[in-house]
Amino acid sequence: MKIEILEKNDNVLRVIVRDAEVSLMNALRRISLAHVPCMAIDEVVMIDNLSILQDEIIAHRLGLTPLKTDLDNYNIPEQCSCQNEFGCTQCRITLTLDAEANDGTRTVYSGELVSENPEIVPVSNKVPIVKLVKGQKLKLEAYARLGTGKTHAKWQPVCVSAYKYYPKIITPAASCDDCKKCVDICPKRVLERKDDGKVTVRDLYSCNLCMDCVDACPKKPSLIKIEWEKNAFILNLESTGVLPPERVLQEATKILGQQLKEFEEQLKVEQQ
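All of these numbers come straight from a predicted model, not from anything done at the bench.

Visitor: Whenever I open this one, the pairing of strand β8 (residues 137–147) confuses me. Can you help?
Guide: Each regular strand displays side chains that alternate between the two surfaces of the sheet. In terms of burial, β8 is a largely internal element, eight of the eleven residues being buried. Bridge count for strand β3 (residues 38–49) against β8 is ten bridges, and the pairing is antiparallel. Residue pairing for β8: Asn49 is matched across the bridge by Leu138. By the bridge criterion, eight bridges tie strand β4 (residues 93–100) to β8 in an arrangement that is antiparallel. If you follow Ile93 over to β8, its bridge partner there is Ala144.

Have a look at this one:
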């Protein structure tokens, strides 16, 4: 297998994967969404809520607030040695919020959550929690833990996990007439027409193999051919910010290896 990085920043990772099968790509996609753990608020204790929103609504908004995750120093509660329903310092952290509107209407944001671990804080300080009018206050304790997306979407570390075949576009060598239908119809602006009339590929990686350009060509058979490489894919991961996208992919491959090992052991048991 060969991997080539196309794009990488704090939240986005786009790579070309060659010499791979569809089954492997789909497994990585599904594991990234449903099995890679991340931190999220799971329980909220309301101490004082004078806002217009009910306790359950505020707790729901807190649960969906992405938190930066430390996978190296925390355990999933079900796998923690404490085996305590209330958790311990190795599987749960506490965040507190104490906000009050003294002078007028104000919005309470996620940045006002105070974490006992400065490394595990909201990804963004600008997630609105509730709006308070003068005299209203909100005081609570929130408990965050590791979980997986198969249990609840708040534990999904990625908002995008997708792959597609690596496209191959064959354009006519000679110049075309002035219709430009194949160029104009493409929603991704993959093609462009040069001054000499030749149609060329402007952005190959944006092609989603929709075939609109092929259908739009007035000549039959079409002068443009869209194909794809059988064992080459473009994998796109976009993190919610809780984990770097490359760490999500690393964890997904590790989990896949564990699942395959468990499957192999079960096969051996069945054969005995």
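Visitor: Would you mind going over helix α2 (residues 55–63) with me for this structure?
Guide: Here α2 has its buried residues at Ile58, Leu62 and Gly63. The arc that holds every buried residue of α2, seen down its axis, measures 140 degrees, which confines them to one face. Structurally, α2 contributes buried residues whose contacts are with β3, β7 (128–132) and β8.

Visitor: Would you take a moment to explain empty space enclosed by the protein for this structure?
Guide: To find the voids left in a structure, one rolls a probe of water-molecule size over its atoms. Throughout the structure, instances matching the rule amount to two cavities of 30 Å³ or more. Of the pockets and cavities examined, the largest cavity occupies roughly 120 Å³. Forming the boundary of the largest cavity are 13 residues, of which Cys176, Asp177, Cys179, Cys182 and Cys217 lie nearest the centre. Tallied by class, the residues present in the lining of the largest cavity amount to nine nonpolar, no polar and four charged. Empty space within the second largest cavity amounts to approximately 90 Å³. If you go around the second largest cavity, you meet 13 residues; those closest to its centre are Cys186, Val190, Cys207, Cys210 and Cys213.

Visitor: Even after reading the chapter, I still don't get the nonpolar core, so can you show me in this structure?
Guide: One recurring pattern in soluble globular proteins: nonpolar side chains tend to sit buried together. Grouped together as the largest cluster of nonpolar side chains are 47 residues, with contacts concentrated most on Ile41 and Leu95. Both of domain 1 (1–36 + 157–167 + 228–272) and domain 2 (38–155) provide at least three residues apiece to this core. Other than its neighbours up to four places away in sequence, Ile41 contacts Leu62, Gly63, Leu67, Leu95, Leu113, Ala142, Tyr143, Ala144 and Lys154. By size, the runner-up hydrophobic cluster in this structure holds 13 residues, among which are Ile169, Cys182, Val214 and Ile226.

Visitor: Can you walk me through the pattern of salt bridges in this structure?
Guide: Note that side chains of opposite charge can pair when their charged atoms are close. Considering all chains together, one arrives at twelve salt bridges under this definition. Among the ionic pairs, Glu229 bridges to Arg18, the shortest N-O distance being 3.2 Å. Of the two residues, Glu229 is situated in strand β12 (residues 225–239) and Arg18 in strand β2 (residues 12–18); the sequence distance between them amounts to 211 residues. Connected through salt bridges with shared partners, the residues Asp42, Glu78, Arg145 and Lys154 form a single ionic network.

Visitor: Before we go on, may I ask you to explain unusual backbone geometry in this structure?
Guide: Note on backbone geometry: most residues besides glycine have negative phi, and most peptide bonds are trans. With omega at 0 degrees, the peptide bond leading from Lys220 into Pro221 counts as cis. Here Pro221 shows up in the loop between α4 (212–216) and β12. Located in the positive-phi region is Asp19, a residue other than glycine, with phi close to 60 degrees. Its location among the elements puts Asp19 in the loop between β2 and α1 (22–34). Residue class for Asp19 comes out exposed when judged on its relative accessible area of 53%.

Visitor: Looking at this model, I keep getting lost on the environment of Pro122. Mind explaining?
Guide: Mapped onto the secondary structure, Pro122 falls in the loop between β6 (114–115) and β7. A C-alpha to C-alpha distance of 6.1 Å links Pro122 and Lys68, two positions 54 residues apart in sequence. Discounting chain neighbours no more than four positions away, the residues touching Pro122 are Thr65, Pro66, Leu67, Ser110 and Leu113.

Visitor: I'm lost on the sheet that holds β2 in this one. Help?
Guide: The strands making up a sheet associate through backbone hydrogen bonding, with each pair oriented either parallel or antiparallel. Spatially, β1-β2-β12-β9 is the arrangement adopted by the four strands of the open sheet, whose pairing is antiparallel. Each edge of the sheet is formed by a strand with only one pairing partner; in this case those strands are β1 (2–8) and β9 (158–170). When strand polarity is set aside, the average angle formed by the axes of neighbouring strands in this sheet is 25 degrees. In this structure, β2 lies alongside β12, joined through seven bridges in antiparallel fashion. The partner of Val17 across the bridge, within β12, is Phe233. Sheet contacts for α1: β2, β9 and β12; angle to β9, the most-contacted strand, approximately 155 degrees.

Visitor: Could you clarify how one ought to interpret the sheet that holds β8 in this entry?
Guide: Spatial strand order, β3-β8-β4-β6: four strands in an open sheet with antiparallel pairing. The sheet is open, and its two borders are formed by β3 and β6, each paired with just one other strand. The strands that α2 touches are β3 and β8; relative to β3, the one it contacts most, it runs at about 150 degrees.

Cut-offs applied
Residues numbered from 1 in each chain as written. Predicted model: local features only at pLDDT ≥ 70, side-chain atom pairs only at ≥ 80, totals over all residues. Heavy atoms only, no water. Buried < 20%, exposed > 50% of the residue type's maximum accessible area, 1.4 Å probe, protein only. Helix = DSSP H or I, 4+ residues; strand = E, 2+ residues; numbered from the N terminus. Pairing = 2+ DSSP bridges. Arc of directions from axis to C-beta. Contact = heavy atoms within 4.5 Å. 1 Å grid on protein atoms, 1.4 Å probe; cavity = no way out; pocket = protein on both sides within 12 Å on 5 of 7 lines; lining within 4 Å. Points joined across faces, edges and corners; volume = space filled by probe spheres on them. Nonpolar A, V, L, I, M, F, W, Y, C, P; charged D, E, K, R; others polar. Core = buried A, V, L, I, M, F, W, Y, C linked by side-chain atoms within 4.5 Å. Domains from an automatic or database assignment. Salt bridge = Lys/Arg side-chain N within 4 Å of Asp/Glu carboxyl O. Axes fitted to C-alpha atoms, helices over the stretch in contact; angles between N-to-C directions.

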